[in-house]
Amino acid sequence: LNASVASTSPFEDHKVQYAIGNLLAAKGCYEILTNSLTSPEYITLLEDESSAKKEITLVNPLSGDLSILRKNSIFSALEVAAYNINRKKQNLKLFEFGKTYHTYNGNRIEEKYLSILLSGANREPSWAVSSETTGFFQMKSIVETVLSKLGIKNSASQPDSSGLFTEGLALTKG
């Protein structure tokens, strides 16, 4: 399937997600589904008040912990990782297709995303092969494979300067 993410119609998005989901599952990843509602405390950890993109707050939330729609997928994935690690499941390869929500100049905007989370060992140890911890280059390999599957070529990378991650690359279409 050679397709550009930007040129697919809403009716073909599920085909792209299906193809990428199968690719990630073949690489040993499990799909997760998380709640779009999140805690307002997460917003203060990432962005300052001068950001033009504002969160969407629910008028009548069920609880204070789930009172806004998520602006990014980082904390949802980290909650899933914490849940599994607390139950002695450290070796995780997870992915999620979802949406983020925010307002910009008074307009409500939904953006689609794919998040990938790796944690722990690359594979379970066995007598034939020792286990290696997952790392930056394994993640980079998975992202490059996804981009290749989408038909996106000539991407340029530069070190991520956001300060959010210890290691990271910002990819742009080159």
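Residues numbered from 1 in each chain as written. Predicted model: local features only at pLDDT ≥ 70, side-chain atom pairs only at ≥ 80, totals over all residues. Heavy atoms only, no water.

Colleague: Before we go on, may I ask you to explain the side chain of Thr 100 in this structure?
Modeller: In this fold, Thr 100 is placed in strand β5 (residues 92-104). Under the relative-accessibility criterion, Thr 100 is labelled buried at 7%. If sequence neighbours within four positions are ignored, Thr 100 has contacts with Arg 70, Lys 71, Asn 72, Ser 73, Ile 109, Glu 110, Glu 111 and Tyr 113. (Helix = DSSP H or I, 4+ residues; strand = E, 2+ residues; numbered from the N terminus. Buried < 20%, exposed > 50% of the residue type's maximum accessible area, 1.4 Å probe, protein only. Contact = heavy atoms within 4.5 Å.)

Colleague: How should I be thinking about the nonpolar core in this particular structure?
Modeller: Across soluble globular proteins, nonpolar side chains show a tendency to be buried alongside one another. Counting residues in each nonpolar core, the largest one holds 12 residues, listed as Val 16, Ile 20, Leu 23, Leu 24, Cys 29, Phe 95, Phe 97, Ile 116, Leu 118, Ile 142, Val 146 and Leu 150. Contributions of two or more residues to this core are made by α1 (13-26), β5, β6 (107-119) and α4 (136-149). Ignoring any residue separated from it by four or fewer positions in sequence, one finds Phe 95 in contact with Gly 21, Leu 24, Ala 25, Cys 29, Tyr 30, Glu 31, Ile 32, Leu 114, Ser 115 and Ile 116. Of all hydrophobic cores here, the second largest spans 7 residues; its members include Ile 32, Val 80, Leu 94 and Leu 117. (Core = buried A, V, L, I, M, F, W, Y, C linked by side-chain atoms within 4.5 Å.)

Colleague: Please explain empty space enclosed by the protein as it appears in this structure.
Modeller: If a probe as big as a water molecule is rolled over the atoms, it shows which places are left empty. Applying the stated criterion across every chain, the model contains 1 cavity of 30 Å³ or more. In this structure, the largest cavity spans a volume of roughly 80 Å³. Tyr 42, Ile 43, Lys 71, Asn 72 and Phe 75 are, among the 10 residues lining the largest cavity, the residues nearest its centre. Those elements that provide at least two residues to the lining of the largest cavity are α2 (41-46) and α3 (74-86). Broken down by element, the lining of the largest cavity gets its largest block of residues, 3 residues, from α2. (1 Å grid on protein atoms, 1.4 Å probe; cavity = no way out; pocket = protein on both sides within 12 Å on 5 of 7 lines; lining within 4 Å. Points joined across faces, edges and corners; volume = space filled by probe spheres on them.)

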